[in-house]
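# Chain and residue survey
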Amino acid sequence: WLDGDAFRAPAGTALPVDIFAATLVGWEAFGGIKAGFVVERPRETTKLTIWNKTGPYRTRKGDEEGVIKMRPVDLSKGTALTLLTGGSIAAAAGGFEWIEGDEENFAYITRVKDGAKEAAYFMKKAELSNRPTETLNDEDLAGWDMEVSALVPDDGSRFIRKFTKTNPLA
């Protein structure tokens, strides 16, 4: 993937009419992001066996989880809002103090592009699942290693949805 974007909006914000549009009205961009995203959808499985068969007969699957990992490297409004976790910024001591909140849910979109191939992930309700490690050195791009976890939306819809620009089954 050669290019990518990530955006956030208030939790419950509806899916845009065109998730691949050049601008997404009502969504705050994260700005520059270190090349690449990691999308994980793990689920716990248990192998079930029966007496007269060798090997697993079936598997029991637990709940699926969805996490997207990225490193924003620009201090954009989208990045700041996410780092604040529902908190605020106040003028203090000749500068600005970052006052982190307890938690905050938000809607989230990640888009990636490689030539004609485009994909996007949408979370109607998500949260920052970690207190990000902040990288500040001359060996790597400075930024925050974030993990955004998908939560089940209040309307019960799927917690993480994937979109592509083309239909691979057509």
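Scroll up to find the structure this text is about.
Residues numbered from 1 in each chain as written. Predicted model: local features only at pLDDT ≥ 70, side-chain atom pairs only at ≥ 80, totals over all residues. Heavy atoms only, no water.

## Some details on the overall build of the protein chain
Looking only at helices and strands, the protein chain has 1 helix and 13 strands in total. Along the protein chain, helices (α) and strands (β) appear in the sequence β-β-β-β-β-β-α-β-β-β-β-β-β-β when read from the amino end. Here the C-alpha coordinates of the protein chain stretch approximately 75 × 40 × 35 Å along the principal axes. Once local pairs closer than 6 in sequence are excluded, the contacts in the protein chain between residues at least 24 apart make up 62%. In the form shown here, the protein chain has an accessible surface area of approximately 10800 Å², with 51% of it arising from carbon and sulfur atoms. Treating the 22 positive side-chain charges of the protein chain as one cloud and the 26 negative ones as another, the clouds have centres 12 Å apart. (Helix = DSSP H or I, 4+ residues; strand = E, 2+ residues; numbered from the N terminus. Contact = heavy atoms within 4.5 Å. Areas by Shrake-Rupley, 256 points an atom, 1.4 Å probe, with all protein chains shown as cover. Lys, Arg positive; Asp, Glu negative; His and termini not counted. Charge placed at Lys NZ, Arg CZ, Asp CG, Glu CD.)

## Brief notes about the nonpolar core
Among the nonpolar cores identified, the biggest contains 21 residues, and Phe 37, Met 70, Tyr 108 and Met 123 are the most heavily contacted of them. Contributions of two or more residues to this core are made by strand 6 (67–70), strand 9 (105–114), strand 10 (117–128) and strand 12 (143–150). Here the element with the most residues in this core is strand 10; it accounts for 5 residues. For Tyr 108, the contacting residues outside a window of four places in its chain are Ala 6, Phe 7, Trp 27, Phe 30, Phe 37, Ile 68, Met 70, Tyr 121, Phe 122, Met 123, Ala 126 and Val 148. Formed by 11 residues, the second largest nonpolar core is a distinct cluster that contains Phe 7, Phe 20, Ala 21 and Ala 107. (Core = buried A, V, L, I, M, F, W, Y, C linked by side-chain atoms within 4.5 Å. Buried < 20%, exposed > 50% of the residue type's maximum accessible area, 1.4 Å probe, protein only.)

## Digging into the pattern of salt bridges
Taken as a whole, this structure holds 9 salt bridges when the rule is applied. For Arg 8, the salt bridge is made with Glu 104, and the minimal N-O distance between the two is 2.6 Å. Here Arg 8, found in strand 1 (residues 3–10), pairs with Glu 104, found in the loop between strand 8 (95–99) and strand 9; they are 96 residues apart in sequence, far enough to count as distant. By relative accessible area, which is 4% here, Arg 8 ends up buried. Two residues, Asp 140 and Lys 34, come together in a salt bridge whose shortest N-O distance is 3.0 Å. Note that Asp 140 is positioned in the loop between strand 11 (133–135) and strand 12 and Lys 34 in the loop between strand 2 (28–29) and strand 3 (38–40), a separation of 106 residues in sequence. (Salt bridge = Lys/Arg side-chain N within 4 Å of Asp/Glu carboxyl O.)

## Some remarks on helix 1 (residues 77–84)
Among the 8 residues that make up helix 1, 6 are buried, leaving the element largely enclosed by the rest of the structure. Positive phi shows up at Thr 85, right after helix 1, with a value of about 45 degrees.

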